[in-house]
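Take a look at the letters that make up each chain.
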Amino acid sequence: MASVKVAVRVRPMNRREKDLEAKFIIEMEGKKTTITNIKLPDGITGDSSRDRTKVFTYDFSYFSADCKNSNYVSQERVFRDLGTDVLKSAFEGYNACVFAYGQTGSGKSYTMMGNTGDSGLIPRICEGLFSKIADVTRKGDASFRTEVSYLEIYNERVRDLLRRKSSKTFNLRVREHPKEGPYVEDLSKHLVQNYRDVEELMDAGNINRTTAATGMNDVSSRSHAIFTINFTQVL
Ligand SMILES: Nc1ncnc2c1ncn2[C@@H]1O[C@H](COP(=O)(O)OP(=O)(O)OP(=O)(O)O)[C@@H](O)[C@H]1O
């Protein structure tokens with residue numbers, strides 16, 4: 001299995017874009033994503049040396065703007081393509097990570113969290129995780145301890161989103177463990193038994209994020225949140 005997989009997903013146009021009669025400049029076929037520079041309106045000069053078309057190849061190119069498009073995929077399919085390997089690796093003992101990158105409103109939350117009734121990657125990964133843990137525990141092979149942490153990096157400072165305000169909430173230090181690699185000193189860990197517990201902690205942490213606490217939208221591009229689930233086998 002490749003150690004890194006990259007997918008790009010195009011969301012449907014929103015009301016504003018439709019009102020502006022915006023045109024799609026992205027096309028997808030198989031793994032390929034093609035971007036075509038639009039023709040500049042008469043009178044506006046651009047850099048004529050730029051290629052009109054650029055083609056990129058990713059592990060997956062998903063086109064969500066038209067359900068009849070051959071590159072349209074369901075949330076379930078996104079999970080099968082990207083989430084199942086994460087689960088497999090985690091149970092093989094590897095650290096696994098999924099992250100979404102993109103500008104405000106580009107569809108990160110939709111892909112990661114999904115909607116009521118059609119969940120995204122994180123709920124599906126958690127469901128898979130807890131169901132596998134339940135399976136193994138039922139067979140009496142092992143039992144597990146599952147803990148979560150939630151932090152925000154804002155203005156290059158690390159902040160614990162799940163701890164009541166104290167000296168250990170803000171400005172946490174990132175350190176390097178000789179065997180286990182980088183970690184955040186004093187980051188709180190919270191025991192969870194099921195996805196409901198995970199969801200409650202995510203909701204609590206989201207309230208503490210700088211964007212929510214200040215109501216400032218412009219900070220969202222500088223605020224990065226990292227949610228970690230750690231499960232260890234208890235003998
Ligand atoms: N693949 C998709 N299919 C259908 N609708 C989508 C898709 N991706 C995003 N949307 C819709 O687009 C809007 C913006 O998406 P979303 O809130 O996920 O963006 P975001 O990148 O998380 O934004 P922010 O950084 O501001 O939190 C939402 O209304 C969402 O439902």
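Given the structure is predicted, the values throughout are model-derived calculations rather than measurements.

A.B. asks: It is not clear to me how the pairing of strand β5 (residues 60-63) should be interpreted in this structure. Could you clarify?
C.D. replies: Note on strand geometry: in a regular strand, side chains alternate between the two faces of the sheet. Where burial is concerned, the two faces of β5 agree: the one with Phe 60 and Tyr 62 and the one with Ser 61 and Phe 63 are both buried. Taken together, the four bridges between strand β1 (residues 7-10) and β5 define a ladder with parallel strand orientation. Within β5, the position partnered with Val 10 by the bridge is Phe 63.

A.B. asks: Honestly, the nonpolar core in this entry has me stumped. Any pointers?
C.D. replies: The nonpolar side chains of soluble globular proteins are, as a tendency, buried together. Ranked by internal contacts, the top residues of the largest apolar core, which has 15 residues, are Tyr 62, Val 78, Leu 82, Leu 121 and Ile 125. Breaking this core down by element, the ones donating at least two residues are β5, α2 (75-91) and α4 (121-138). Ignoring any residue separated from it by four or fewer positions in sequence, one finds Val 78 in contact with Arg 9, Tyr 62, Val 73, Gly 83, Thr 111 and Leu 121. Core analysis: the next-biggest nonpolar cluster, separate from the first, contains eleven residues, Leu 162, Val 198, Leu 201 and Met 202 among them.

A.B. asks: Would you mind going over the site of the ligand with me for this structure?
C.D. replies: If you check the shell around the ligand, you find Arg 9, Arg 11, Pro 12, Ser 64, Gln 103, Thr 104, Gly 105, Ser 106, Gly 107, Lys 108, Ser 109 and Tyr 110 and nothing else. Ser 64 has a polar side-chain atom sitting 3.0 Å from a nitrogen atom of the ligand. Take Gly 107: an N or O atom from its main chain is 3.0 Å from an oxygen atom of the ligand. Notes on the ligand: free accessible area 630 Å², of which the protein chains cover 64%. In terms of residues, the shell around the ligand owes the most to one element, helix α3 (residues 108-112), which gives three residues. Broken down by class, the residue content of the shell around the ligand amounts to two nonpolar, seven polar and three charged.

A.B. asks: Which parts of the structure should I look at to understand the sheet that holds strand β4 (residues 53-57)?
C.D. replies: Adjacent strands of a sheet pair through backbone hydrogen bonds, lying either parallel or antiparallel. Judged by pairing direction, the sheet is antiparallel, and its three strands sit side by side in the order β2-β3-β4 without closing on themselves. One side of each edge strand has no neighbouring strand; the edge strands of this open sheet are β2 (26-29) and β4. Here the strands of the sheet are splayed against their neighbours by 20 degrees on average, with no regard to which way each runs. Bridge analysis of β2 against strand β3 (residues 32-36) gives four bridges, and the strand direction is antiparallel. In the strand pairing of β3, Glu 29 is matched with Lys 32.

A.B. asks: Help me understand the pattern of salt bridges in this model?
C.D. replies: Side-chain pairs of opposite charge can arise whenever the charged atoms involved come near each other. The final tally for this structure, using the stated rule, is 16 salt bridges. Between Arg 145 and Glu 147 there is a salt bridge; the shortest N-O distance is 3.1 Å. For Arg 209, the salt bridge identified is with Glu 152, shortest N-O distance 3.9 Å. Of this pair, Arg 209 sits in the loop between α5 (195-208) and α6 (210-214) while Glu 152 sits in strand β8 (residues 143-154), placing them 57 residues apart in sequence. Here the salt bridges share partners, and the residues they tie into one network are Glu 76, Arg 80, Asp 118 and Arg 124.

A.B. asks: Mind showing me how you'd approach the confidence of the model for the protein chain here?
C.D. replies: Any segment with low pLDDT has predicted coordinates that should not be analysed in fine detail. Averaged over every residue, the pLDDT of the protein chain is 89; the share at 70 or more is 90%. As scored by the predictor, the complex reaches a pTM of 0.87 and an ipTM of 0.99.

A.B. asks: What is the right way to look at unusual backbone geometry in this model?
C.D. replies: Trans is the prevailing form of peptide bonds, just as negative phi is the prevailing case for residues other than glycine. Not every positive phi belongs to a glycine, and Asn 171 is a case in point at roughly 55 degrees. Of note in the backbone geometry, Asp 186 takes a positive phi value of approximately 70 degrees without being a glycine. With respect to the helices and strands, Asp 186 occurs in the loop between β11 (181-184) and β12 (190-191).

About the thresholds
- Residues numbered from 1 in each chain as written.
- Predicted model: local features only at pLDDT ≥ 70, side-chain atom pairs only at ≥ 80, totals over all residues.
- Heavy atoms only, no water.
- Buried < 20%, exposed > 50% of the residue type's maximum accessible area, 1.4 Å probe, protein only.
- Helix = DSSP H or I, 4+ residues; strand = E, 2+ residues; numbered from the N terminus.
- Pairing = 2+ DSSP bridges.
- Core = buried A, V, L, I, M, F, W, Y, C linked by side-chain atoms within 4.5 Å.
- Contact = heavy atoms within 4.5 Å.
- Near = heavy atom within 4 Å.
- Polar contact = N/O pair within 3.5 Å; in protein donor to acceptor, adjacent residues only side chain to side chain.
- Areas by Shrake-Rupley, 256 points an atom, 1.4 Å probe, with all protein chains shown as cover.
- Nonpolar A, V, L, I, M, F, W, Y, C, P; charged D, E, K, R; others polar.
- Axes fitted to C-alpha atoms, helices over the stretch in contact; angles between N-to-C directions.
- Salt bridge = Lys/Arg side-chain N within 4 Å of Asp/Glu carboxyl O.
- pLDDT = per-residue confidence, 0-100.

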